Amino acid sequence: MGAATAAAGTGSLVLPAAAENKKHTIALVPGLTTDAFYITMHRGADAAAEALGQDLLFQGASEWNVTLQVPVLDAVIARKPDAILIAPTDKVQLVEPLKKANDAGITVVCVDTFIGNGVFQTGAGDADFPISYVASDNVLGGVMAARALAQSIGEKGKVYVSNVKPGVSTTDQREEGFKQEMANHPDIEVLETQFNDDDANKAAAQVQAVIGRVPDLAGVFGANLFSASGTANGVKQAGKQGEVKIAAFDAPQSVVQELKDGTFEIVIAQHPAEIGYFGVVAAYAHLTGNPVPTHIGTGFTVMTKDNIDDPNVSKYLYTG
């Protein structure tokens, strides 16, 4: 509580007036701007900024792409915000660009994805300078998707992971958790991962190609929104809807119908509004001299056709 002083006679801690009244600018740089996940995260960040009386700057690229995100980040750094919340599109390639922010005295918080190994403020390595990583437990999400998919295919058959690209921290972890859990299901064979570059059309073409050479394919885990939705389209086009079970990660409004019509067996919904909210709170706490946890975990909700009409479940659908 370095910026706090004890109020005389009360023992409580209050922030100095200067710290309380200073309006900071906190920037949010999403993985991409067109995904309902990040739009919902933006809403949560906005809510926190408004509650704390801070200014929020939102700027990002329209596609998940390192070469598009880095110029956006450079432009944000040039505007000299007090803090940057960012979902890095690569855990290695964003280290040096983010160092520029840190060297300029800008507080860095990773949201959803991370740089390095996601373990910060250790004094080790060249990627430990962000003050915190705010995200859901992606390994556990992958484990839960595997369990659900295994059950839905009767504990036997061939499955694979439809993923974005290697080097994306969150989807790497989801695949890790999925494979870790599938090792406990001896009659299920995990085929080679298909990488789709976050392109739903490519994910659709890939599943059709796999079905062509593996006609008894039983299931697919879509490690993110476009992987799952693209795979679903490909399965429909191949006439295999209901035969090839899909476990999806991320929950835009469209998953309601896809759960009800059997396209998806299960959807793992993150809580992106919480990620955005707590990201802003963490940045503000640090800027006002308060300690911040180096990792802040947010929850997720498992959605099925049996519970999707429950308001306590459907409130976690992402809104575009």
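Residues numbered from 1 in each chain as written. Predicted model: local features only at pLDDT ≥ 70, side-chain atom pairs only at ≥ 80, totals over all residues. Heavy atoms only, no water.

Thoughts on the pattern of salt bridges
Inspection of every chain in the model, using the stated rule, returns twelve salt bridges. As a salt-bridge pair, Asp-197 and Lys-202 come within 2.7 Å of each other at their nearest N and O atoms. Here Asp-197 falls in the partly exposed class, since its relative accessible area comes to 39%. Residues Glu-243 and Lys-240 are paired through a salt bridge, measuring 3.6 Å at the closest nitrogen-oxygen approach. (Salt bridge = Lys/Arg side-chain N within 4 Å of Asp/Glu carboxyl O. Buried < 20%, exposed > 50% of the residue type's maximum accessible area, 1.4 Å probe, protein only.)

Some points on unusual backbone geometry
Positive phi, normally seen in glycine, also occurs at Gln-121, with a value near 60°. Note that Gln-121 resides in the loop between strand E6 (107–111) and strand E7 (132–136). Gln-121 sits in the partly exposed class, given a relative accessible area of 47%. Even without a glycine there, the phi angle at Asp-198 is positive, about 60°. Of note, Asp-198 is situated in the loop between strand E10 (194–195) and helix H7 (200–213). (Helix = DSSP H or I, 4+ residues; strand = E, 2+ residues; numbered from the N terminus.)

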